[in-house]
Amino acid sequence: MSTPKAGLTHIDASGEAHMVDVGGKAETARSATATGYVKMKPETLALIREGNAKKGDVIGTARLAGIMAAKQTSNLIPLCHPLMLTKVAVDIEEDAALPGLRVTATAKLTGRTGVEMEALTAVSVACLTIYDMAKAADRGMEIGGITLLEKSGGKSGDFRHSGA
């Protein structure tokens, strides 16, 4: 059996991609929180706030899309394990400084592998959904800042982004 290259757990000694065997790991409580934003024109933000976007409730739909995406992460990212998530929360708040919407997602479970990709996927899809639902008003919106803020649990321990 080949051993992974230093630092890259999904690459074996021959340089081939593979799914990590987590069977020997202990089950621990794990959590991850990620963030991102959709920057838009002030008028677009006002349309969303007032509920006047042509496609309907932008924030509610984006929240639901983020939750659904977290549950589908292993279908989207080839080497991710399917996980039994115990909690996914997606919060979307106005940020006047952008102007736009800031998305924060937290994923939790008790298991053998982390939930960082689930939190990041939730944020990404929620941001894409905001763009899709408001693009008729503002095709110049910008999606950015998608970042893992923190994670806890597992062998590697806790992580907190230096900017968080």
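Residues numbered from 1 in each chain as written. Predicted model: local features only at pLDDT ≥ 70, side-chain atom pairs only at ≥ 80, totals over all residues. Heavy atoms only, no water.

Just so we agree on the cut-off: UniProt positions are given in the numbering used here, feature names are shortened, and annotations may be inferred rather than shown by experiment.
Taking an unreviewed UniProt entry as the reference, the chain is identified by name as Cyclic pyranopterin monophosphate synthase belonging to Rhizobium hainanense. Of the comments in the UniProt record for the chain, the one headed Catalytic activity (unreviewed entry) reads "(8S)-3',8-cyclo-7,8-dihydroguanosine 5'-triphosphate = cyclic pyranopterin phosphate + diphosphate". Listed under Sequence similarities (unreviewed entry) in UniProt, the entry text for the chain is "Belongs to the MoaC family."

## Focus on helix α4 (residues 116-134)
This is how the line gets drawn: Secondary structure elements are defined from DSSP: runs of H or I of at least 4 residues count as helices, runs of E of at least 2 residues count as strands, and each element is numbered from the N terminus. Helix span is expected to be 1.5 Å times the residue number reduced by one. Using a 1.4 Å probe on the protein chains alone, a residue whose accessible area is under 20% of its type maximum counts as buried, one over 50% counts as exposed, and one in between counts as partly exposed.
With 19 residues, α4 ought to run about 27 Å at 1.5 Å a step, and its terminal C-alpha atoms sit 28 Å apart, in line with that. Among the residues of α4, Glu118, Ala119, Leu120, Thr121, Ala122, Val123, Ala126, Cys127, Thr129, Ile130, Met133 and Ala134 are the ones counted as buried.

## Considerations on the pairing of strand β4 (residues 142-152)
On a regular strand, one side chain projects to one face of the sheet and the next to the other, so that they alternate. Quick reminder of the rule: DSSP calls a pair of strands paired once it identifies at least 2 bridges connecting them.
Relative to β4, strand β1 (residues 28-39) is paired through 8 bridges, and the arrangement is antiparallel. Bridge pairing links alanine 32 to lysine 151 in β4. Bridging between β4 and strand β5 (residues 159-160) involves 2 bridges; their strand directions are antiparallel. By the bridge assignment, glutamate 150 is partnered in β5 with arginine 160. Where β4 folds back on β5, the antiparallel hairpin that results is connected by 6 residues, among which glycine 153 adopts a positive phi of roughly 95°.

## Focus: the UniProt feature "active site" (unreviewed entry) in the chain
Look at the UniProt record and you will see "active site" (unreviewed entry) annotated at Asp132. Structurally, the position occupied by aspartate 132 is in helix α4.

## Re a nonpolar patch on the surface
Going by this rule: Like charges within 9 Å and nonpolar side chains (Val, Leu, Ile, Met, Phe, Trp, Tyr) within 5 Å are joined into patches, using only residues over 30% in relative accessible area that form no salt bridge. All accessible-area figures derive from a Shrake-Rupley calculation using a 1.4 Å probe, and residue coverage is judged against the displayed protein chains alone. Salt bridge, as used here: a side-chain nitrogen of Lys or Arg that lies within 4 Å of a carboxyl oxygen of Asp or Glu.
On the surface, a cluster of nonpolar side chains totalling about 240 Å² of accessible area is made up of Leu128, Ile143 and Ile146. Along the chain, isoleucine 146 falls in strand β4. By relative accessible area, which is 36% here, isoleucine 146 ends up partly exposed.

## Things to note about the side chain of threonine 44
For the record, the criterion: Throughout, a residue-residue contact means that at least one pair of heavy atoms, one from each residue, lies within 4.5 Å.
Relative to the helices and strands, threonine 44 is located in helix α1 (residues 42-50). Excluding its chain neighbours within four sequence positions, the residues that come into contact with threonine 44 are Ala134, Ala137, Asp138 and Met141.

## Re the sheet that holds strand β2 (residues 87-95)
Rule in force here: Where helices are involved, their axes are fitted lines through C-alpha atoms of the stretch in contact, as for all axes, and angles between N-to-C directions lie from 0 to 180°.
Read across the sheet, 5 strands follow the order β2-β3-β1-β4-β5 without closing on themselves; strand pairing throughout is antiparallel. Edge positions in the sheet fall to β2 and β5, since each of these pairs with one other strand and no more. Note: β1 against strand β3 (residues 100-111), 12 bridges, orientation antiparallel. Each bridged residue has a counterpart across the sheet, and for alanine 32 the counterpart in β3 is alanine 107. In this fold helix α2 (residues 58-71) packs onto β2 and β3, with an angle of close to 145° to the strand it touches most, β2. Lying over the sheet, α4 contacts β1, β2, β3 and β4, oriented at roughly 25° with respect to β1.

## Description of the nonpolar core
It is characteristic of soluble globular proteins that their nonpolar side chains tend to be buried jointly. What counts here: What we call a nonpolar core is a set of buried Ala, Val, Leu, Ile, Met, Phe, Trp, Tyr and Cys residues that are connected through their side-chain atoms within 4.5 Å.
Core analysis: the largest hydrophobic core is formed by 30 residues, its most contacted members being Met40, Val90, Ile92, Leu101, Val103 and Ile130. Sorting the residues of this core by element identifies β1, α1, α2, β2, β3 and α4 as the ones contributing at least two each. A total of 9 residues in this core trace back to one element, the largest contributor, which is α4. Among residues more than four places away in sequence, those in contact with valine 90 are Arg63, Gly66, Ile67, Val103, Thr104, Ala105, Ala122 and Ala126.

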